[in-house]
Amino acid sequence: MSGSLEFDPTKYYGHPEFYKIVEELKELHSRKNFQYATQDNPLGNFERCGNLIKKLLKPNVNPALADAMILMSKQIDAVYEMIGEGKSGTEEEVIDKFRDVAVYSIISMILIKESKK
């Protein structure tokens, strides 16, 4: 057996579907990051929502309710970025965010009522 194989950086190794999915994820990440964050702070949405979460990390807070509120805050944050920062987003995308908030709100109400039973 002669010599060892060397890695060729111009060639992709592995399953071709893996690289197709990676490309799709790159597009999704870019689109979502545009909605939720800024060029100056690409993780800003996590920082803003993280600050809200601190308030929910108290004893006796229902974890399911905290989760619904976190998911709701993520959608509201996206609307602030899309509308408040004048980012181009379709009206349908903004309406979808508000629909998500409405669903999470109703779920939160149910969780609160069920916790009193």
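Right, let's walk through the structure included here. The shown structure was predicted, so the numbers you read here are calculated from the model rather than taken from an experiment.

Analysis parameters
Residues numbered from 1 in each chain as written. Predicted model: local features only at pLDDT ≥ 70, side-chain atom pairs only at ≥ 80, totals over all residues. Heavy atoms only, no water. Helix = DSSP H or I, 4+ residues; strand = E, 2+ residues; numbered from the N terminus. Contact = heavy atoms within 4.5 Å. Polar contact = N/O pair within 3.5 Å; in protein donor to acceptor, adjacent residues only side chain to side chain. Phe/Tyr/Trp six-rings, centres within 6.5 Å; stacked < 30°, edge-to-face > 60°. Salt bridge = Lys/Arg side-chain N within 4 Å of Asp/Glu carboxyl O. Buried < 20%, exposed > 50% of the residue type's maximum accessible area, 1.4 Å probe, protein only. Axes fitted to C-alpha atoms, helices over the stretch in contact; angles between N-to-C directions. Parallel < 35°, antiparallel > 145°, perpendicular 65-115°, else oblique. Left-handed = near helix turned anticlockwise from the far one by under 90°. Nonpolar A, V, L, I, M, F, W, Y, C, P; charged D, E, K, R; others polar.

When you line up the elements, asparagine 62 lands in the loop between helix H2 (44-56) and helix H3 (63-84). Residues contacting asparagine 62, with those up to four places away along its chain left out, are Leu111 and Ser115. Polar contacts involving the side chain of asparagine 62 include one to the main-chain amide nitrogen of alanine 64, which spans 2.8 Å.

For the rest of this paragraph, the subject is the packing of aromatic side chains. Two numbers describe a pair of aromatic rings. These are the distance of the centres and the angle of the planes. By the definition in use, this model includes two aromatic pairs. Ring geometry for tyrosine 12 against tyrosine 19: centres 4.7 Å apart, planes inclined by 35°, an arrangement best described as tilted. A network of ring pairs unites the aromatic residues Tyr12, Phe18 and Tyr19 as a single cluster.

Another aspect to go through is the pattern of salt bridges. Close approach of charged atoms allows side chains of opposite charge to pair. One pass over the structure, following the stated rule, counts six salt bridges. Between aspartate 77 and arginine 48 there is a salt bridge, with the nearest N and O atoms lying 2.5 Å from each other. Placement of aspartate 77 in helix H3 and of arginine 48 in helix H2 is noted, with a sequence separation of 29 residues between them. Given the relative accessible area of 8%, aspartate 77 is considered buried. A salt bridge links glutamate 81 to arginine 48; the nearest nitrogen and oxygen atoms lie 3.8 Å apart.

Quick look at the packing of H3 against helix H4 (residues 91-115) now. The relative placement of two packed helices is expressed as an angle between their axes plus a distance between the axes. Contact geometry for H3 and H4: axes closest at 9 Å, N-to-C directions at 160°. Judged by the inter-axis angle, H3 sits roughly antiparallel to H4. Judged by the twist between their axes, the crossing of H3 over H4 is left-handed. For the pair formed by H3 and H4, the contact residues are Ala64, Leu65, Ala68, Met69, Leu71, Met72, Gln75, Ile76, Ala78, Val79, Met82 and Ile83 on the first element and Glu93, Val94, Lys97, Phe98, Asp100, Val101, Tyr104, Ser105, Ile107, Ser108, Leu111 and Ile112 on the second. Looking at side-chain class alone, the contact of H3 with H4 contains 18 nonpolar, three polar and three charged residues.

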